[in-house]
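# Notes for the structure review
Listed here are the chains, written in short residue letters.
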Amino acid sequence: EPEPEPEPEPEKKQMGNWERTLKEGIKDGDIPTWTLDPEPVRGASLRPLRLRTDDVVVVGRDRGPGIDYAAKVGCVSGVHCQFEMEGQRLYVTDLGSTNGTYVDGQELRKNNRFRVFNGQIVRLGAENMNGEPFVVFDAKLTGANEMDRNSEYGQVQALVEALGGPQVVVNFLFINVAFQLGFYAITLLQTN
């Protein structure tokens, strides 16, 4: 009796770069999670802060009503800022803190929600020369593919926020277009 032929192994499909970017390291059961990992601060014991979809966390100096995460550091206000995860996006809002909230060194306007991107640094309190400690979080998104972590015109949003927000940019563009049209009309009148 002839021996049965071994079944050929199925060919392992090679993933292209774009497929690898979309699928690598992500399992079906992964839950997108933002981790804000604090750098060590002298005299304070800070733990990592984790957010999942629809989580909202208010950060303040001391634990109390309305404060979900206490950062016992002098530069942190009683009610300092709020982190919220919407879908796979992380936002931070400065809630009127005394020493400010910063994303990659850019100070946030009070009560203005600001998008935080994967790998950015969120700082509570201004950097200073007198050695007073401040809180620094490294923001990292896990459980999401690379495209979800770093896409959605992040550079454009950062630029719009740096210029003062969407309303300021729209007003500038409207005024600029009106000026250009007016200038064009004047040149047409002068040439006729």
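A few points on the structure. As the structure is a computational prediction, the values presented were derived from the model and not from experiment. (Residues numbered from 1 in each chain as written. Predicted model: local features only at pLDDT ≥ 70, side-chain atom pairs only at ≥ 80, totals over all residues. Heavy atoms only, no water.)

### Some remarks on the pattern of salt bridges
Tallying each qualifying case throughout the model produces four salt bridges. For Asp94, the salt bridge is made with Lys110, and the minimal N-O distance between the two is 3.9 Å. In this pair, Asp94 sits in strand E6 (residues 89-94) while Lys110 sits in the loop between strand E8 (106-107) and strand E9 (113-116), placing the two residues 16 residues apart along the sequence. By relative accessible area, Asp94 is classed as buried at 0%. The exposure class of Lys110 is partly exposed, given its relative accessible area of 39%. The structure contains a network of salt bridges with shared partners spanning Glu84, Glu86 and Arg113. (Salt bridge = Lys/Arg side-chain N within 4 Å of Asp/Glu carboxyl O. Helix = DSSP H or I, 4+ residues; strand = E, 2+ residues; numbered from the N terminus. Buried < 20%, exposed > 50% of the residue type's maximum accessible area, 1.4 Å probe, protein only.)

### Brief notes about the sheet that holds E9
What the five strands build is an open sheet, ordered E4-E3-E5-E6-E9; its pairing is mixed. Bordering the open sheet on either side are strand E4 (69-70) and E9, each of which pairs with just one other strand. As paired elements, E6 and E9 share four bridges and run antiparallel to each other. By the bridge assignment for E9, Leu90 is matched with Val116. (Pairing = 2+ DSSP bridges.)

### Describing helix H4 (residues 166-191)
The end-to-end C-alpha separation of H4 is 38 Å, in line with the 38 Å expected for 26 residues at 1.5 Å each. Counting buried positions over the 26 residues of H4 gives one, only a small fraction of the element. (Expected span 1.5 Å × (residues − 1).)

### Things to note about the pairing of strand E5 (residues 81-86)
With five of six residues buried, E5 is to be regarded as a mostly interior element. Where strand E3 (residues 56-60) lies against E5, four bridges are found, and the strand directions are antiparallel. Residue pairing in the sheet places Val56 in a bridge with Glu84 of E5. Here E5 runs beside E6; their pairing, made up of six bridges, is antiparallel. By the bridge assignment, Gln82 is partnered in E6 with Thr93. Counted between consecutive antiparallel strands, the loop separating E5 from E6 contains two residues, among which Gly87 sits at a positive phi close to 65°.

### Remarks on the side chain of Glu84
Along the chain, Glu84 turns up in strand E5. The exposure class assigned to Glu84 is buried, which follows from its relative accessible area of 15%. Side-chain polar atoms of Glu84 contact the side chain of Arg113, separated by 3.3 Å. Once residues within four sequence positions are removed from consideration, Glu84 is found in contact with Leu51, Asp55, Val56, Arg89, Leu90, Tyr91, Thr93 and Arg113. (Polar contact = N/O pair within 3.5 Å; in protein donor to acceptor, adjacent residues only side chain to side chain. Contact = heavy atoms within 4.5 Å.)

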